[in-house]
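Next come the chains, spelled out residue by residue.
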Amino acid sequence: PEVPTEPEIPTEPEEPTANGYVQVTDIADITAGGQFVIVVNVDGAYKALDTTMTKNKFASVAVAVENGVVVGENLPVWTIEATAGGIALSNANGYLKYPTSTNMVLATDSYDWSIAAGENGYAITSVAAPARGILYRLSADLFGAYSTSNSTNADYTADLLLFKYA
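All figures in this text were calculated on a predicted structure; none of them were measured in a lab. (Residues numbered from 1 in each chain as written. Predicted model: local features only at pLDDT ≥ 70, side-chain atom pairs only at ≥ 80, totals over all residues. Heavy atoms only, no water.)

**Describing the pattern of salt bridges**
In the structure shown here, the tally under the stated rule is 3 salt bridges. The salt bridge partner of Asp141 is Lys47, with a shortest N-O separation of 3.5 Å. A residue pair is termed long-range when its members are at least 10 positions apart, and Asp141 in the loop between β12 (132–137) and β13 (142–147) and Lys47 in strand β3 (residues 45–54) qualify at 94 residues. Residue Asp141 is classed as partly exposed on the basis of its relative accessible area, which comes to 30%. A salt bridge links Asp109 to Lys97, with the nearest nitrogen and oxygen atoms 3.4 Å apart. Highlighted residues: Asp109 in the loop between β9 (105–107) and β10 (113–117) and Lys97 in strand β8 (residues 94–97), separated in sequence by 12 residues. Judged by its relative accessible area of 38%, Asp109 is partly exposed. A relative accessible area of 23% means that Lys97 is categorised as partly exposed. (Salt bridge = Lys/Arg side-chain N within 4 Å of Asp/Glu carboxyl O. Helix = DSSP H or I, 4+ residues; strand = E, 2+ residues; numbered from the N terminus. Buried < 20%, exposed > 50% of the residue type's maximum accessible area, 1.4 Å probe, protein only.)

**Some points on the pairing of strand β2 (residues 34–42)**
Here 3 bridges tie β2 to strand β6 (residues 78–83), and the two strands are oriented antiparallel to one another. Within β6, the residue paired with Gly34 across the bridge is Ile80. Here 4 bridges tie β2 to strand β15 (residues 161–165), and the two strands are oriented antiparallel to one another. Counted as the bridge partner of Phe36 is Lys164 from β15. Between β2 and the antiparallel strand that follows it, β3, lie 2 residues; Asp43 among them carries a positive phi value of about 50 degrees. (Pairing = 2+ DSSP bridges.)

**Here we look at the side chain of Lys57**
As for its position among the elements, Lys57 is in strand β4 (residues 57–66). Here Lys57 occupies a buried position and makes no salt bridge, while the nearest side chain of opposite charge, Asp155, is found at 12 Å. A polar side-chain atom of Lys57 sits 2.9 Å from a polar atom in the side chain of Thr102. When near neighbours in sequence (up to four residues on either side) are disregarded, Lys57 contacts Thr52, Thr102, Asn103, Leu142, Phe143, Gly144 and Tyr146. (Lys, Arg positive; Asp, Glu negative; His and termini not counted. Polar contact = N/O pair within 3.5 Å; in protein donor to acceptor, adjacent residues only side chain to side chain. Contact = heavy atoms within 4.5 Å.)

Everything listed is a geometric property; what it means functionally is a separate question.
Right, here's the structure in full:
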């Protein structure tokens with residue numbers, strides 16, 4: 001007679017992994033809105049746009065990017081929403097707005113920014129003042145509303161990487 005075989009023990013299903021903030025590769029994923037971490041890559045070091053002001057600009061927050069996902073706790077999260085003129089960026093403290101010079105403020109009213117895909121990331125510029133964009137300045141370690149002509153200057157980067165909560 002045949003010896004009965006042990007029934008197969010079902011394997012445990014794999015734990016679902018939280019996607020977290022995944023790098024956006026399609027501009028439609030940005031203009032659709034959602035929660036984002038906005039990052040620059042400075043020679044392999046990733047720096048995120050903080051949500052609190054420092055001298056009319058925004059400090060950077062070091063973050064880790066692994067396999068196209070921002071990892072870490074207490075990430076600086078921005079909300080992006082579509083507007084009639086482009087997109088608006090906000091956080092718990094207000095809407096990101098360009099008032100003058102290289103300054104930025106957090107305001108109670110929405111402010112229009114435009115976004116365009118580039119070779120190494122996205123460029124976000126003011127709709128009202130298209131020569132001003134959100135750029136990271138290496139020597140200051142700050143994000144500001146710098147002239148878009150600085151995007152070719154080695155001290156600046158305009159190539160923003162956006163990571164959307166998935």
